[in-house]
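# Descriptive structure summary
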Amino acid sequence: MSLFLPKLSSKEEVDGAIKGVAEKVLVLRFGRDEDSSCLQLDETLSKTAHNLSNMASIYIVDVDKVPVYTRYFDISYIPSTVFFFNGQHMKVDYGSPDHTKFVGSFKTKQDFMDLIEVIYRGAMRGKMMVKSPIDPQNIPKFDLLYHGI
């Protein structure tokens, strides 16, 4: 559980954050408070939140409390991090088939900070998709599972 990052516990709170955060990257970390991978990611996010305060707003979302968004973003693995800018879902090319979210923890604080800066600069230029600056060796690899196809 992160003591320093605000939590969103309902669909209405998530909707409000998506609509209300302007001219900044909105970072939504989907996961569970008791999960060790989520705690590791929360530590990285909380340590960088102050440095990125001009470019990003970071929130924690419990997957069990907001199931509508968990299904919408197909959160199969936790932690998963989703990015928005001015209410628009920002996609990032990580070199994998899924551009909608970052799955897993960032290896370093600098990886996360670089990613936020690239998303912010791309969004300010009107781009809805940017290329990840993170070294491909530092990006966790997961197989996509398609149910009911």
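Being a predicted model, the structure only gives us computed values, none of them experimental.

### Comments concerning unusual backbone geometry
Each neighbour pair has its own omega, and for Ile78 with Pro79 the value is -5°, a cis peptide bond. One can find Pro79 in the loop between α3 (67-72) and β4 (80-85). Residues other than glycine seldom take positive phi values, yet Glu23 does so here, at roughly 60°. The residue Glu23 is located in the loop between α1 (11-20) and β2 (25-31) in this model. Even without glycine at this site, Asn86 takes up a positive phi of about 50°. Examined against the element boundaries, Asn86 turns out to sit in the loop between β4 and β5 (88-93).

### Brief notes about the packing of helix α2 (residues 36-49) against helix α4 (residues 109-124)
Two measures define how a pair of helices packs: the angle their axes make with one another and the distance between the axes. Following both chains from N to C, one finds α2 and α4 inclined at 60°, their axes separated by 10 Å at the closest point. It follows that α2 is oblique to α4 by the angle criterion. Once α2 is placed against α4, the crossing between them reads as right-handed. Judged by residue contacts, Thr44, Leu45, Lys47 and Thr48 of α2 engage Lys109, Phe112 and Met113 from α4. Among the residues making up the contact of α2 with α4, the classes are represented as 3 nonpolar, 2 polar and 2 charged.

### Remarks on α2
One turn of the α-helix equals 3.6 residues, which is why residues spaced by three or four share an orientation. Taking 1.5 Å of rise per residue, the 14 residues of α2 would be expected to cover 20 Å, and the 20 Å separating its terminal C-alpha atoms lies within 8% of that figure. Within the sequence span of α2, burial applies to Cys38, Leu41, Asp42, Thr44, Leu45 and Thr48. Buried positions in α2, seen along its axis, are confined to an arc of 165° and lie on one side of it. Residues of α2 that are buried in the fold lie against β2, β3 (56-62), β4 and α4. You can read the cap of α2 off the contacts: a side-chain oxygen lies 3.1 Å from the backbone nitrogen of Ser37, and it is on Asp35.

### Concerning empty space enclosed by the protein
Regions of empty space are outlined by a rolling probe, equal in size to a water molecule, passed over the atoms. A full pass over the atoms with the stated rule returns 1 cavity of 30 Å³ or more. Taken as a whole, the largest cavity spans an internal volume of roughly 50 Å³. Along its surface, the largest cavity is lined by Lys7, Leu8, Ser9, Asp33, Ile60, Val61, Asp62 and Lys65. Among the secondary structure elements, those contributing two or more residues to the lining of the largest cavity are β1 (7-8) and β3. Class assignment of the residues belonging to the lining of the largest cavity gives a composition of 3 nonpolar, 1 polar and 4 charged.

Reading guide: rules and limits
- Per chain, the residues get numbers from 1 upward, laid out in the order the sequence is written.
- Totals for whole chains, interfaces and linings use every residue, but because this is a predicted model, local features are given only for residues with pLDDT of at least 70 and side-chain atom pairs only at 80 or more, for both listing and counting.
- Only hydrogens and water are set aside; all other atoms, that is, all heavy atoms of the structure, feed into the side-chain values.
- Helix numbering and strand numbering both begin at the N terminus, where a helix is a DSSP run of H or I of at least 4 residues and a strand a DSSP run of E of at least 2.
- Angles shown run from 0 to 180 degrees and are taken between the N-to-C directions of axes, each axis being a line fitted to C-alpha atoms and, for helices, limited to the stretch in contact.
- Orientation is classified from the angle alone, with under 35 degrees giving roughly parallel, over 145 giving roughly antiparallel, 65 to 115 giving roughly perpendicular, and any other angle giving oblique.
- Definitions for this section: a left-handed crossing has its near helix turned counterclockwise from the far helix by less than a right angle. A right-handed crossing has that turn clockwise.
- Residue contacts are defined here by distance: any two heavy atoms, one from each residue, within 4.5 Å place the two residues in contact.
- Under the convention adopted here, Pro, Cys and the residues Ala, Val, Leu, Ile, Met, Phe, Trp and Tyr are nonpolar, Asp, Glu, Lys and Arg are charged, and Gly plus all remaining residues are polar.
- Multiplying 1.5 Å by the helix residue count minus one yields the expected span of that helix.
- Burial status follows relative accessibility: with a 1.4 Å probe on protein chains alone, a residue under 20% of its type maximum counts as buried, one over 50% as exposed, and anything between as partly exposed.
- This arc describes the spread of directions from the helix axis toward the C-beta atoms.
- For this analysis, a polar contact is any N or O atom pair within 3.5 Å, provided that within protein one partner can donate a hydrogen and the other can accept it, and provided that sequence-adjacent residues contribute only side-chain to side-chain pairs.
- Computed over the protein atoms alone on a 1 Å grid, cavities are sets of points where a 1.4 Å probe fits but cannot get out and pockets are open sets with protein on both sides within 12 Å along at least five of seven lines; a residue lines them when it has an atom within 4 Å of a point.
- Grid points are joined across faces, edges and corners, and a volume is the space filled by probe spheres set on the points.

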